[in-house]
Structures are given as structure tokens and as C-alpha cells.
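Topology and contacts: notes
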Amino acid sequence: PLEKGKGAWRSNMIMLTVLVTGGSGLVGKAIERKVQGGRFLEMGIQFVFLSSKEADLRNITETRQIFEQYNPTYVIHLAARVGGLYKNLVSKVEMLSENLSINQNVLQCCHEFGVTRCVNVSSTCAFPNEIANYPLKEEDMHSGPPHPSNEGYAYAKRVSEVLMRAYNEQYGHRYVTVIPTNVYGPHDNFDIEDAHVVPGLIHKCYKAKLQGTNLTICGSGKPLRQFIFSDDLAELLLWTLLQYTGSDSLILAPDRVDEVMISDLACLIAQSMKFDEDRLIFDASQSDGQLRKTASNERLRKNLPGSGATFLLLPSTFAV
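Described in the following lines is the structure provided in the data block. (Residues numbered from 1 in each chain as written. Predicted model: local features only at pLDDT ≥ 70, side-chain atom pairs only at ≥ 80, totals over all residues. Heavy atoms only, no water.)

**A look at the overall build of the protein chain**
As a reminder of what qualifies: Under the scheme used here, helices are H or I runs from DSSP no shorter than 4 residues and strands are E runs no shorter than 2 residues, and both carry numbers assigned from the N terminus. Note on method: radius of gyration uses C-alpha positions; expected globular size equals 2.2 Å times residues raised to 0.38. When a residue's accessible area, from a 1.4 Å probe over protein chains only, is under 20% of the maximum for its type it is buried; when over 50% it is exposed; and in between it is partly exposed. Contacts are assigned to residue pairs that have any heavy atoms within 4.5 Å of one another. In these tables, accessible area is a Shrake-Rupley quantity obtained with a 1.4 Å probe, and a residue counts as shielded only by the protein chains included in the view. Charge assignment: positive for Lys and Arg, negative for Asp and Glu; neither His nor the chain ends contribute. Lysine's charge is taken at NZ, arginine's at CZ, aspartate's at CG and glutamate's at CD.
Counting secondary structure elements, the protein chain contains 10 helices and 14 strands. Over its C-alpha trace the protein chain gives a radius of gyration of 20 Å, about what one expects of a compact globule, namely 20 Å for 320 residues. For the protein chain, the spread of C-alpha atoms along the three principal axes comes to 65 × 45 × 40 Å. The buried share among the 320 residues of the protein chain stands at 49%. Contacts spanning at least 24 positions in sequence make up 79% of the contacts within the protein chain whose residues lie at least 6 apart. Looking at the protein chain as shown, the accessible area adds up to about 15,100 Å², and 50% of this sits on carbon and sulfur atoms. Within the protein chain, one finds 32 positive and 35 negative side-chain charges whose respective centroids are separated by 3 Å.

**Quick look at the environment of Tyr-171**
With respect to the element layout, Tyr-171 can be found in helix α6 (residues 151–171). A relative accessible area of 43% places Tyr-171 in the partly exposed class. Along the backbone, Tyr-171 and His-111 are 60 residues apart, and their C-alpha atoms lie at a distance of 8.5 Å. In contact with Tyr-171, not counting residues within four places along its chain, are His-111 and Ala-166.

**A word on the side chain of Asn-182**
One can find Asn-182 in strand β8 (residues 182–184). Using a relative accessible area of 18% as the deciding quantity, one classes Asn-182 as buried. Every residue in contact with Asn-182, bar those within four places of it in the chain, is listed here: Thr-124, Val-197, Arg-225, Gln-226, Phe-227, Ile-228 and Lys-293.

**Observations concerning the packing of aromatic side chains**
Selection criterion: A pair of aromatic rings is counted whenever rings of Phe, Tyr or Trp (Trp by its six-membered ring) have centres within 6.5 Å, and the orientation is called stacked for planes under 30 degrees apart, edge-to-face for over 60 and tilted otherwise. Note on geometry: a ring has a charge over it if NZ (lysine) or CZ (arginine) is within 6 Å of the ring centre and within 35 degrees of the ring normal.
Enumeration over the complete set of coordinates arrives at seven aromatic pairs. Their ring planes at 35° and their centres at 6.0 Å tell us that Tyr-167 and Tyr-171 sit as a pair that is tilted. Taken together, the residues Tyr-167 and Tyr-171, both in helix α6 and four residues apart, mark about one turn of the helix. Its relative accessible area of 12% is what places Tyr-167 among the buried residues. Here the aromatic cluster, defined as three or more aromatic residues joined through ring pairs, consists of Phe-40, Phe-47 and Phe-49. Between Arg-292 and the ring centre of Tyr-134, over which it is positioned, the NZ or CZ distance is 4.2 Å.

**Focus on helix α8 (residues 230–242)**
Under the convention used in this document: A helix is expected to span 1.5 Å for every residue after the first.
If you check α8, its first and last C-alpha atoms are 18 Å apart, about what 13 residues at 1.5 Å a residue would give, namely 18 Å. When you tally the buried positions in α8, you get 11 out of 13 residues, the bulk of the element. Within the sequence span of α8, burial applies to Ser-230, Asp-231, Asp-232, Leu-233, Ala-234, Leu-236, Leu-237, Leu-238, Trp-239, Thr-240 and Leu-241.

**Quick look at the pairing of strand β9 (residues 215–218)**
What counts, and what does not: Should DSSP find at least two bridges between two strands, the strands are regarded as paired.
Residues of β9 alternate between two faces, with Leu-215 and Ile-217 buried on one and Thr-216 and Cys-218 left unburied on the opposite face. Sheet topology places β9 next to strand β14 (residues 280–283); four bridges connect them, and they run parallel. For Cys-218, the partnering residue across the bridge sits in β14 and is Asp-283.

**Observations concerning the pattern of salt bridges**
The condition that has to hold: The salt bridge criterion pairs a side-chain nitrogen of Lys or Arg with a carboxyl oxygen of Asp or Glu, the two atoms within 4 Å.
Applying the stated criterion across every chain, the model contains 14 salt bridges. In this structure, the salt-bridge partner of Arg-58 is Asp-56, at a minimum N-O distance of 2.9 Å. As a salt-bridge pair, Arg-301 and Asp-255 come within 3.0 Å of each other at their nearest N and O atoms. Here the residue Arg-301 occupies a position in helix α10 (residues 298–303), and Asp-255 occupies one in the loop between β12 (250–252) and β13 (260–261), the gap between them amounting to 46 residues. The partly exposed category is assigned to Arg-301, whose relative accessible area is 27%. On the basis of relative accessible area, Asp-255 is assigned to the partly exposed category, the value being 21%. Within the structure, one salt-bridge network assembled from shared partners comprises Asp-56, Arg-58, Arg-81 and Glu-98.

Set out below in C-alpha cells:
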């Protein structure tokens, strides 16, 4: 079905469809950039980037209609209700209930419509708040409660991983959950009340510079985070979808040595934006959130083809 005839694909070619839920967000846009240029069309693969404007995935009827319309072969499941520390603290009910609905509906439709491969994108915030021995590994997901600040979102992500394993065990699917560390990049959410740490700090730094004020940062600045650039994560998601043959969960993270303290991140952003670092004020009376969630990429490195395939795992320079 993928025969080529004199510079053009024959009309009887069967196209495989990849449905990307949450396709208009940070990671969805990164995947869209990666698949431009015809490389995947030449392989007989087309991508559909679904936004919340096209369907409310909290609603099973609308979710089924989308699957009926596109009849996907593969799914990359990114859609979620997300937010930074503040939103997670004040919207625990919505973070839990809405994400449970989205994940259940998408996985149910993957099963009902015969999706061959689903990559379910989770988060390292689903891991326990503390464990005895770091770094975190995939099997540590359910070994203790998550940090109270994001427990609604975290438990929804945990349930999606359990549900995916159940579909695999009961129906023989090859679905897989991936667990990225903190993602940043173009098309991020820069709303100060809603943003994750990198875009939130960039926006706050911009406003402080514009207004000639100090930049006050919530928390002590001591928490540690691993960051991955959205385009690098997109490459890893495409590899997981099309080349990784296993169903074991995968942490998608840079190496442990690339872990960054929030205070150092703030200084890096200030330097990039030519903002005086002496005007960074850390308000230790505010919540730090989870102090560390250092994650191991050992399983990922074992499965990536070739020991030299490190470029995807190195954190990109912060493009501020």
C-alpha cells in the first residue's frame, strides 16, 4: 500500500492517522513543527492536531464523534486541564474530576475504535512527594502520596497509568504511558496566575523590568527541577509512538546532572533579559511546592537506539 509511482504516491495508498489530543498546546505545537515538511506523509502517516475548540473530551459523546470522524490508527494523548502551582492549589476538584473524565474517555475510545498504539502523556508531579532513595524510577509512581499542592492533578495522572495498564492486560493492547519532566518552549502559557515556572518567571521578569520594580518570586528558590525543551520532548514522543515497541512506562528526562535549582533558573532568566539579579526577591513565606522530583532516564537510555543518542536528552538553552 506504500508503493511509490513516478514522484507521486499512488491513489490507493492507505494513510495512517495520528490523532494528537491537546494539539494546540505547548507540546502539541512542538510535534506539529517536527512533522512538517512531508517526511511523515512519505511514510504514509498523517497527523491531526485536536484542540479543545473542536471537542470537549470531558464529554464521552463528543469524544466518540471525534474518533468516528478521524478514525485514528495512533493517538498521542496530551489533552489535560493543567496549571501552575497556584491553580493546582485552588482548583483541586476540577483538576481531579475533569482530568479523570478526559483520560477515561480518550482511553475508552482508543479501545472502542481499535487504536493500535496510544501514547499517554503523564507528568513527574504524579510521583510521590518523597521517597527513600532518589532518583525516581517508573515503578515508584504509586509508592506514596503526591505533594498536597497538586494531588488532584497527580492522582488523575496516576489513574490514567493504571487504566492504560488494565487495557493492555485485559485486551492485549500496546498502549504506553510516558512521564516527562518540566516542559518549556514556544506556545507555552504565560499567564502569571496560571503558568508553569519557566513562562511564569519570564512574564514576571518582563513586567518587573518594564515597571522598574523588584521581581518577587514565590518560595525559597531551593526546589530542584529537571527541564526538557518542548521540541526535544516532541522527538521523544514520536520515537515512543513509532519505534519503541514496549509497553513499560518511560520517564522522559534529561540527565540528573542537568537538574536546576529554581533560584538558578530565575538568575538565568534575569541574565537573558538583562534584569538586575540583585532585584530578585524570594518570598519564603509562600509555598515551594514539591522540593525535588529527581527522575531517572535509565530505562529511556537503554531503549534509545545507540548509546550516542544523547542530543535529545540535553536541556536546550533557555530561549527567552
